[in-house]
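Architecture and fold: a report
These are the residues of each chain, in order.
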Amino acid sequence: MKKGIAAFSITAMMLTGCGAEEESHTNHEETTFQEIVVQIQTAEQLPVGEEVVLSAKVSQGEEAVDDADKVEFEVWESGLRDEGKMIEGTLTKDGVYEANHTFDHDGVYYMYAHTTARGLHTMPKQKLTVGSPDLSSVLPDESDDTMHKGH
């Protein structure tokens, strides 16, 4: 009889332990990170020789992210990524980060909005057409969508 009670007690403790572990696992799933979403707001067609605003809105779920660790705009002319520039973005309002930049000649450019916020990093890319470039003379952009070695 004592063996039966002991076996029953052990089984009950194991089931209770599994239930608590399952509840803990469920709570962990509820607190999992939501991804950081970066929406580039810069127009795809831009003028030459005029200051333009590079802009990105950062959010997590429905919340604007006003506390990003860093938002930098990497801008380079197509085919010339090694000559690109990193331009620091500044929070202007409601998760929107901006930087001013002037393009000095017609061309096809690319821009990453490198964003680090809340322990996460994302870097959406956008093509920018500046002025009226001669598309037959534009170098192809062979850069991939990974972090550049120098940045």
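Refer to the structure above for everything that follows.
So, a few notes on the structure that sits alongside this text.

A separate point is the overall build of the chain. Along the chain, the regular secondary structure elements total 1 helix and 11 strands. Overall, the chain shows an N-to-C arrangement of helices and strands of α-β-β-β-β-β-β-β-β-β-β-β. By the burial criterion, 33% of the 151 residues in the chain qualify as buried. The contacts of the chain with a sequence gap of at least 6 include a subset with a gap of at least 24, amounting to 66%. For the chain, the computed accessible surface area is about 9700 Å², with 52% contributed by carbon and sulfur atoms.

Now for the pattern of salt bridges. Tallying each qualifying case throughout the model produces 4 salt bridges. We note a salt bridge from Arg118 to Asp67, for which the minimum N-O separation is 3.1 Å. With Arg118 in the loop between β9 (107–117) and β10 (120–122) and Asp67 in the loop between β4 (63–64) and β5 (70–77), this residue pair connects regions lying 51 residues apart in the sequence. One salt bridge connects Lys125 with Asp141, and the closest N-O pair in it is separated by 3.3 Å. Taken together, the residues Lys125 in strand β11 (residues 125–130) and Asp141 in the segment after β11 connect sequence positions 16 residues apart. With a relative accessible area of 30%, Lys125 lands in the partly exposed category. One network of salt bridges, in which partners are shared, links Glu63, Asp67 and Arg118.

Quick look at the layout of surface pockets now. By volume, the largest pocket is sized at about 190 Å³. Glu77, Glu83, Lys85, His105 and Tyr109 are the residues nearest the centre of the largest pocket, which is lined by 13 residues in total. With 3 residues, the top contributor of residues to the lining of the largest pocket is β5.

Before going further, it helps to examine the side chain of Ser55. Residue placement: Ser55 occurs in strand β3 (residues 51–60). Not counting the four nearest positions on each side in its chain, Ser55 is found in contact with Gln39, Ile40, Gln41, Thr42, Phe73, Val96, Tyr97 and Glu98.

Looking at the secondary structure, you find Glu72 in strand β5. We classify Glu72 as buried; its relative accessible area is 17%. Glu72 sits 44 residues away from Thr116 along the chain, and the two C-alpha atoms are 9.0 Å apart. Setting aside its immediate chain neighbours within four residues, Glu72 contacts Met86, Ile87, Glu88, Gly89, Tyr112, Ala113 and His114.

So, on to the nonpolar core. When a protein is soluble and globular, its nonpolar side chains tend to lie buried together. With 23 residues, the main nonpolar core has Leu54, Val58, Phe73, Val75, Phe103 and Met111 as its most contacted residues. Within the residue set of this core, elements represented by two or more residues are β1 (36–40), β3, β5, β8 (96–102), β9 and β11. Membership of the second largest hydrophobic core comes to 5 residues, among which are Trp76, Tyr110, Tyr112 and Met123.

The geometry of an aromatic ring pair is captured by the separation of the ring centres together with the interplanar angle, meaning the angle of the planes. Overall, the coordinates contain 3 aromatic pairs when judged by the stated rule. For the pair Trp76 and Tyr110, a centre-to-centre distance of 6.0 Å together with 25° between the ring planes defines the contact as stacked. Of this pair, Trp76 sits in strand β5 while Tyr110 sits in strand β9, placing them 34 residues apart in sequence. Across this residue pair, the class does not change: Trp76 and Tyr110 are buried.

Rules behind the numbers
Residues numbered from 1 in each chain as written. Predicted model: local features only at pLDDT ≥ 70, side-chain atom pairs only at ≥ 80, totals over all residues. Heavy atoms only, no water. Helix = DSSP H or I, 4+ residues; strand = E, 2+ residues; numbered from the N terminus. Buried < 20%, exposed > 50% of the residue type's maximum accessible area, 1.4 Å probe, protein only. Contact = heavy atoms within 4.5 Å. Areas by Shrake-Rupley, 256 points an atom, 1.4 Å probe, with all protein chains shown as cover. Salt bridge = Lys/Arg side-chain N within 4 Å of Asp/Glu carboxyl O. 1 Å grid on protein atoms, 1.4 Å probe; cavity = no way out; pocket = protein on both sides within 12 Å on 5 of 7 lines; lining within 4 Å. Points joined across faces, edges and corners; volume = space filled by probe spheres on them. Core = buried A, V, L, I, M, F, W, Y, C linked by side-chain atoms within 4.5 Å. Phe/Tyr/Trp six-rings, centres within 6.5 Å; stacked < 30°, edge-to-face > 60°.

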